[in-house]
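Now for the letters of each chain:
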Amino acid sequence: MELTEQQIQRYSRHIILEQVGGTGQEKLLSSKVLIVGAGGLGAPAALYLAAAGVGTIGIIDADKVDLTNLQRQIIHHTGDVGVEKVASAEAKMRAINPDVKVKTYHQRAKADNIREVIRGYDFVIDGTDNFPAKFLVNDACYFEKIAFSHAGILRFDGQLITVLPGQTTCYRCIFHAPPPADAVPSCSQAGVLGVLAGVVGSLQATEAIKYLLGIGDLLTGTLLTYNALTMEFRKVRLKRNPECRLCGENPQITELKDEEQIVCDLKDCKR
Amino acid sequence: MKLIINGKETDFSDGLTVGELLVEQKVKMPEMVSVELNGQILRRAQFESTALEDNDKVEFLYFMGGGSGIN
Ligand SMILES: [Zn+2]
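Starting afresh in each chain, residues are numbered from 1 along the sequence in its written order. Lettering of chains starts at A and numbering of ligands starts at 1, both following the order in which they are written. Only residues with pLDDT of 70 or above have their local features reported here, since the model is predicted, and side-chain atom pairs are shown and tallied only from 80 upward, although totals for entire chains, interfaces and linings are computed over all residues. Neither water nor hydrogens contribute to the side-chain values; these are computed over all heavy atoms in the structure.

Peer 1: Where do I start with the overall build of chain B in this structure?
Peer 2: For chain B, the count of helices and strands is 1 helix and 5 strands. Note on conventions: DSSP H or I runs of at least 4 residues are helices, E runs of at least 2 residues are strands, and numbering of each starts at the N terminus. Start at the N end of chain B and walk to the C end: the helices and strands fall as β-β-α-β-β-β. Classification of residues uses two cut-offs on accessible area relative to the type maximum, computed with a 1.4 Å probe and protein chains only: under 20% is buried, over 50% is exposed, and between them is partly exposed. Looking at chain B as a whole, 52% of its 71 residues are labelled buried. A contact between two residues is defined here by any heavy atoms of the two lying within 4.5 Å. Counting contacts in chain B only where the partners sit at least 6 residues apart, residues at least 24 apart contribute 53% of the total. Each accessible area is a Shrake-Rupley estimate made with a 1.4 Å probe; only the visible protein chains count as cover when residues are assessed. Accessible surface for chain B amounts to roughly 3,500 Å². Of this, 49% is attributable to carbon and sulfur atoms. Within this scheme the basic residues Lys and Arg register as positive and the acidic residues Asp and Glu register as negative, but His and the chain ends are omitted. Working definition for charges: the position is that of NZ of Lys, CZ of Arg, CG of Asp or CD of Glu. Charge separation in chain B, taken as the distance between the mean sites of 7 positive and 12 negative side-chain charges, equals 7 Å.

Right, dumping it as structure tokens:
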């Protein structure tokens, strides 16, 4: 791949970096990243990866833009309310960078479709909003052997970890299975500082770019936690769990299944 | 005894179990917490039977959703 004059200008601030250079930029342009969820985490990740010139960006989400999303899901604008999230996200990514090929999947990630969707991508970003989906992404990436970034946010806290399946600590090594539905904070109790999604989603995009370029130290075997009130970042080292039901010594999960859990929808909880 | 919980040193009475520590730390929903003790992730069934010792490093790891829905 040869960079055009336009591209050399567009990506000049990358190319000037010793660790990226023209070769690194070409690598990004030929890379493929899939974002699961066009929500709070997926929004900044999609925008930055598009701006960075990641050649193919896939995005999967079954929802439509809702007014309550706009407080944090910065890829969607006021005029997009009611529009499919993947279509809204695609339009913004294309507007930022016509170099990027965007693939949209207007569907819910489920056990019977996710492996096909993620296959062929170099890296996956988990920007899902519920626990069954997070386990599904973890397990699917394990079976397809695709590196991914897991993240979660709640109120003023966020955390993320990068997983190289079969090599480093996975989500199931830490959290064995989705919590019982009645333990999950109800919609009215939970909330999230909008900008927190931006911080954590941008960190996920950073991990994707580093992975694609093969530079720096990834958050593998390390959960990075962040609290917006104290401004404290902590790295928690987490070893692989030999008892992990997925990647441990005696795996019990040998095929992809949907984990059952009731997911409440913010819209239904407004009182 | 001294425990290091999520990086912070705190004093506790001797012989506390992980389960009791969760209560003492006012963790409202233990189902939403995973516990790492000295670098080892514990099974939930081990919480009540695991006694803590001086200088143990405990990490409470919380389930967090994200993105677009319940959070
Ligand atoms: Zn594992």
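That covers the picture; the talk isn't over yet.
Peer 1: Even after reading the chapter, I still don't get the coordination of the zinc ion, so can you show me in this structure?
Peer 2: Note on metal sites: the ideal angle is 109.5 degrees for four tetrahedral donors, and 90 or 180 degrees for six octahedral donors. All names here are of chain A. Any N, O or S atom lying within 2.8 Å of the metal counts as a donor, with the limit raised to 3.2 Å for Na, K and Ca; because water is left out of the atom set, some sites can appear incomplete. Binding of the zinc ion to the protein goes through Cys170 (SG), Cys173 (SG), Cys244 (SG) and Cys247 (SG), at separations of 2.3 Å. Linear spacing of the donor residues for the zinc ion on their chain is C-x2-C-x70-C-x2-C. Residue Cys170 is found in the loop between strand S6 (157-163) and helix H8 (171-174), and its partner Cys247 is found in the segment after strand S8 (232-237); the two are separated by 77 residues along the sequence.

Peer 1: I'm lost on a negative patch on the surface in this one. Help?
Peer 2: Only residues whose relative accessible area exceeds 30% and that take part in no salt bridge are eligible for patches, with like-charged residues grouped when within 9 Å of each other and nonpolar side chains (Val, Leu, Ile, Met, Phe, Trp, Tyr) grouped when within 5 Å. What counts as a salt bridge is simple: a side-chain nitrogen of Lys or Arg found within 4 Å of a carboxyl oxygen of Asp or Glu. Side chains of A:Asp112, A:Glu116, A:Asp258 and A:Glu260 sit close together on the surface and give a patch of like negative charge. With respect to the secondary-structure elements, A:Asp112 resides in the loop between strand S3 (101-105) and helix H6 (114-118).

Peer 1: Please explain the packing of aromatic side chains as it appears in this structure.
Peer 2: How two aromatic rings sit relative to each other is set out by the distance from centre to centre and by the angle between their planes. Any pair of Phe, Tyr and Trp rings, taking the six-membered ring for Trp, is counted once the centres come within 6.5 Å. Such a pair is stacked with planes under 30 degrees apart, edge-to-face with planes over 60 apart, and tilted for the rest. All chains considered together, the criterion is met by 8 aromatic pairs over all chains. The residue whose ring lies beneath A:Lys145 is A:Tyr142, and the NZ or CZ to ring-centre distance is 4.0 Å. Here, over-ring charges are defined by two tests on the NZ atom of lysine or the CZ atom of arginine: distance to the ring centre within 6 Å, and angle to the ring normal within 35 degrees.

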